[in-house]
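Survey of secondary and tertiary structure
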Amino acid sequence: MRRPKSVHQMTSAQFNTMFPVGDEDACKAYLVARRWPDGVKCPRCGNAKVYKLASGFHWQCEVCATDGYRFSCIAGTIFENTNKPLRDWFKVTHLILTSKKGMSARQLGRYMGFGSVKTAWLMGHKIRTALIEPETKLGGIVEVDETFIGGKAKNRHDDKRDGVPGPTGSGKAIVAGAIRRKGNVVARVIENLRASTLQAFVNEAVSHRVSLLCTDQWVGCHCLGA
Ligand SMILES: [Zn+2]
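Residues numbered from 1 in each chain as written. Predicted model: local features only at pLDDT ≥ 70, side-chain atom pairs only at ≥ 80, totals over all residues. Heavy atoms only, no water.

**Some thoughts on helix 3 (residues 86-98)**
Counted at 1.5 Å a residue, the expected span for helix 3 with its 13 residues is 18 Å, and the 18 Å between its end C-alpha atoms agrees. In terms of burial, helix 3 is a largely internal element, eleven of the 13 residues being buried. Buried residues of helix 3: L86, R87, D88, W89, F90, K91, V92, T93, H94, L95 and I96, and no others. (Helix = DSSP H or I, 4+ residues; strand = E, 2+ residues; numbered from the N terminus. Expected span 1.5 Å × (residues − 1). Buried < 20%, exposed > 50% of the residue type's maximum accessible area, 1.4 Å probe, protein only.)

Given below as structure tokens:
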């Protein structure tokens with residue numbers, strides 16, 4: 001299945017065209033394409049040989065259950081166990097992502113016509129939690145460097161001397177840091193200075209949408225991709 005292009009700032013009109021009111025199937029098709037770009041897999045065991053059921057957007061896995069495990073496109077997602085249509089979830093997500101100053105549960109509830117503030121609060125909470133990971137990544141202009149921190153190995157307790165990370169024999173911990181210009185810092189103790197370790201740190205801390213990555217004679221700079 002072809003993966004739809006990711007949409008960055010969708011207008012309200014674009015949203016309504018893409019997900020017409022009451023068109024749950026449009027939302028489900030979008031979810032399926034985003035969730036399983038390489039074809040539907042069982043959310044329980046990862047088996048890709050699943051059978052599509054006639055009821056639509058439901059599949060069955062024969063691997064992880066003898067009598068067959070049936071699942072829908074929302075199984076194992078934040079949209080599961082809800083009485084709200086998928087389109088409401090998408091709309092709330094869109095509202096949260098497009099309102100610069102955020103949106104209170106009261107505002108959301110009023111806008112969506114939900115009976116209770118609690119419903120809006122729960123949905124907003126689930127959506128924001130699901131969005132945390134990419135948000136904490138650093139974007140824009142990011143500088144990456146590493147440093148050595150800590151005392152000499154001989155001053156440490158015996159039980160802490162073994163396996164101490166750091167340049168050979170120094171006993172110091174290596175800390176890799178990434179800082180966004182005029183912004184957040186992510187720092188972490190890393191095991192070693194191997195290219196793969198540094199690459200993993202950068203991948204974890206820095207968004208792939210970063211516009212420029214500065215390195216200050218950084219040993220890992222040669223291993224960073226374009
Ligand atoms: Zn399975």
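And the narrative resumes.
**So, the coordination of the zinc ion**
Protein coordination at the zinc ion comes from C42 (SG), C45 (SG), C61 (SG) and C64 (SG), with a distance range of 2.3 Å. Its four donor atoms give the zinc ion angles of 104 to 116° at the centre, a pattern that matches the tetrahedral case. Going along the chain, you hit the donors of the zinc ion in the pattern C-x2-C-x15-C-x2-C. Of this pair, C42 sits in the loop between helix 2 (24-35) and strand 1 (51-52) while C64 is found in the loop between strand 2 (58-61) and strand 3 (69-72), placing the two residues 22 residues apart along the sequence. Judged by its relative accessible area of 3%, C42 falls in the buried class. (Donors = N, O, S within 2.8 Å, 3.2 Å for Na, K, Ca; no water. Tetrahedral: all angles 85-135°; square planar, octahedral: opposite > 155°, others 65-115°.)

**Some thoughts on the nonpolar core**
Proteins that are soluble and globular tend to have nonpolar side chains buried together. In terms of nonpolar packing, the biggest core is built from 34 residues, with W59, F71, F90 and V92 touching the most fellow members. Sorting the residues of this core by element identifies helix 2, strand 2, strand 3, helix 3, helix 4 (105-112) and helix 5 (117-136) as the ones contributing at least two each. Among the elements that make up this core, the one with the highest residue count is helix 3 (six residues). When neighbours within four sequence positions are excluded, W59 is seen to be in contact with V32, W36, V40, V50, Y51, K52, L53, Y69, R70, F71, S72 and C73. Membership of the second largest hydrophobic core comes to twelve residues, among which are V142, A176, L198 and A205. (Core = buried A, V, L, I, M, F, W, Y, C linked by side-chain atoms within 4.5 Å. Contact = heavy atoms within 4.5 Å.)

**Points about the packing of aromatic side chains**
For any pair of aromatic rings, the description consists of the separation of the ring centres together with the inter-plane angle of the planes. Tallying each qualifying case throughout the model produces ten aromatic pairs. Taken together, the aromatic side chains of F15, F19, Y30, F79, W89 and F90 make up a single cluster linked through ring pairs. When the ring centre of Y69 is taken as origin, the NZ or CZ atom of R44, which lies over that ring, is 3.8 Å away. Over the ring of F57 we find K52, and its NZ or CZ is 5.7 Å from the ring centre. (Phe/Tyr/Trp six-rings, centres within 6.5 Å; stacked < 30°, edge-to-face > 60°. Lys NZ or Arg CZ within 6 Å of the ring centre and 35° of its normal.)

**Overview of the confidence of the model for the protein chain**
When the pLDDT values of the protein chain are averaged, the result is 80; 74% of them are 70 or greater. Per-element averaging of pLDDT across the protein chain places helix 6 (residues 158-161) at the bottom with 48 and strand 2 at the top with 96. The low-confidence segment residues 159-166 (pLDDT under 50) makes 13 contacts with residues lying over four places distant or belonging to another chain. (pLDDT = per-residue confidence, 0-100.)

**Here's the deal with the packing of helix 3 against helix 4**
In contact at an axis separation of 11 Å, helix 3 and helix 4 are set at 130° when each is read in the N-to-C sense. By the angle class used here, helix 3 and helix 4 are oblique. Our pair here, helix 3 against helix 4, has a crossing hand that is right-handed. Only L108, Y111 and M112 of helix 4 make contact with helix 3, whose side of the interface consists of D88, K91, V92, L95 and I96. The class makeup of the residues in the contact of helix 3 with helix 4 is six nonpolar, no polar and two charged. (Axes fitted to C-alpha atoms, helices over the stretch in contact; angles between N-to-C directions. Parallel < 35°, antiparallel > 145°, perpendicular 65-115°, else oblique. Left-handed = near helix turned anticlockwise from the far one by under 90°. Nonpolar A, V, L, I, M, F, W, Y, C, P; charged D, E, K, R; others polar.)

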